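# Remarks on the overall topology
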Amino acid sequence: YISINDSDLFSPNDRKELTISFWMKPATFRFSGTSIDSMTENRVSIISKIEKIDFYEAEWQFIMYNETAIDDYPRPKRISFYVCNKTGGECAGSYFQDDLKTNEWVQIAVKLNETHVFIYKNGVLRDTDLLSEYGITVENTKAPVRIGGINKGGKFNGSVDELKIYRYGVSD
């Protein structure tokens, strides 16, 4: 994976706004990854701003679930974006779950503001969640941005292109 040192440019602005956009092309949905908390082995981190070494610093994370993922309910090929409290714990997530194909490009974008998180697939809004339902307070952390995995865990097998991070909410 690629690790980029922390910068305020990768965190929400003073109005708690952030937009992230990228293209991804998964090479496989057959993998045994791991989550940051090691509760399951059915997902991998695509892009994240999260750190867990001697301390926990969480901000946001894109996750891809494998083709057979089942936690409390089936999640095969789900793409999720989570916004977390700085010290971890529960996160607010928006997602889409489609029959994605290997080696096909898909454009993913999320928009975050002080109250909501929105996820888009190929320019179409797919889900939105209220941060207050999960007790999320958006905060800047010192965590690095990682592309393709986290410091301990499964690695994303595929391609990521045209990653853009804006410290404001891009209009629909």
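Above this text you will find the structure in question.
Small disclaimer: the values here were computed from a predicted structure and weren't measured. (Residues numbered from 1 in each chain as written. Predicted model: local features only at pLDDT ≥ 70, side-chain atom pairs only at ≥ 80, totals over all residues. Heavy atoms only, no water.)

## Structural notes on unusual backbone geometry
The backbone of N122 sits at a positive phi, close to 50°, despite the residue not being glycine. Relative to the helices and strands, N122 resides in the loop between β8 (116-121) and β9 (124-130). On the basis of relative accessible area, N122 is assigned to the partly exposed category, the value being 43%. The phi dihedral of E162 falls on the positive side, at around 50°, and the residue is not glycine. In this fold, E162 is placed in strand β11 (residues 158-166). Assessed through its relative accessible area of 45%, E162 is described here as partly exposed. (Helix = DSSP H or I, 4+ residues; strand = E, 2+ residues; numbered from the N terminus. Buried < 20%, exposed > 50% of the residue type's maximum accessible area, 1.4 Å probe, protein only.)

## Concerning the environment of N42
As for its position among the elements, N42 is in the loop between β2 (18-26) and β3 (43-52). Since its relative accessible area comes to 7%, N42 is described here as buried. Each C-alpha atom, one on N42 and one on G154, is 9.2 Å from the other, the two residues being 112 residues apart in sequence.

## Regarding the state of the cysteines
Linking two cysteines covalently via their sulfur atoms produces the bond known as a disulfide. What the rule picks out here adds up to 1 disulfide. In this model C84 forms its disulfide with C91; the gap between the sulfur atoms is 2.2 Å. The sign of the 100° torsion about the S-S bond sets the C84-C91 disulfide as right-handed. Each of the two residues, C84 as well as C91, counts as buried. (Disulfide = S-S within 2.5 Å.)

## What about the sheet that holds strand β4 (residues 56-65)?
Taken together, the 6 strands give an open sheet; going across it, the order is β1-β10-β3-β4-β5-β6, and neighbouring strands pair in antiparallel fashion. Lying at the two open borders of the sheet, with one neighbouring strand each, are β1 (2-4) and β6 (91-97). The sheet shows a mean angle of 15° between the axes of neighbouring strands, direction not considered. As paired elements, β1 and strand β10 (residues 145-147) share 3 bridges and run antiparallel to each other. Its bridge partner lying in β10, I2 is registered against I147. (Pairing = 2+ DSSP bridges. Axes fitted to C-alpha atoms, helices over the stretch in contact; angles between N-to-C directions.)

## Section: the pairing of strand β7 (residues 106-112)
Here β7 lies mainly inside the structure; 7 of its 7 residues are buried. Because side chains alternate across β7, one face comprises the buried residues V106, I108, V110 and L112, and the other comprises Q107, A109 and K111, equally buried. The pairing of β2 with β7 spans 7 bridges and is classified as antiparallel. In the sheet register, F22 faces β7, and the bridge partner there is I108. Note: β7 against β8, 5 bridges, orientation antiparallel. Counterpart to I108 in the pairing with β8 is K121.

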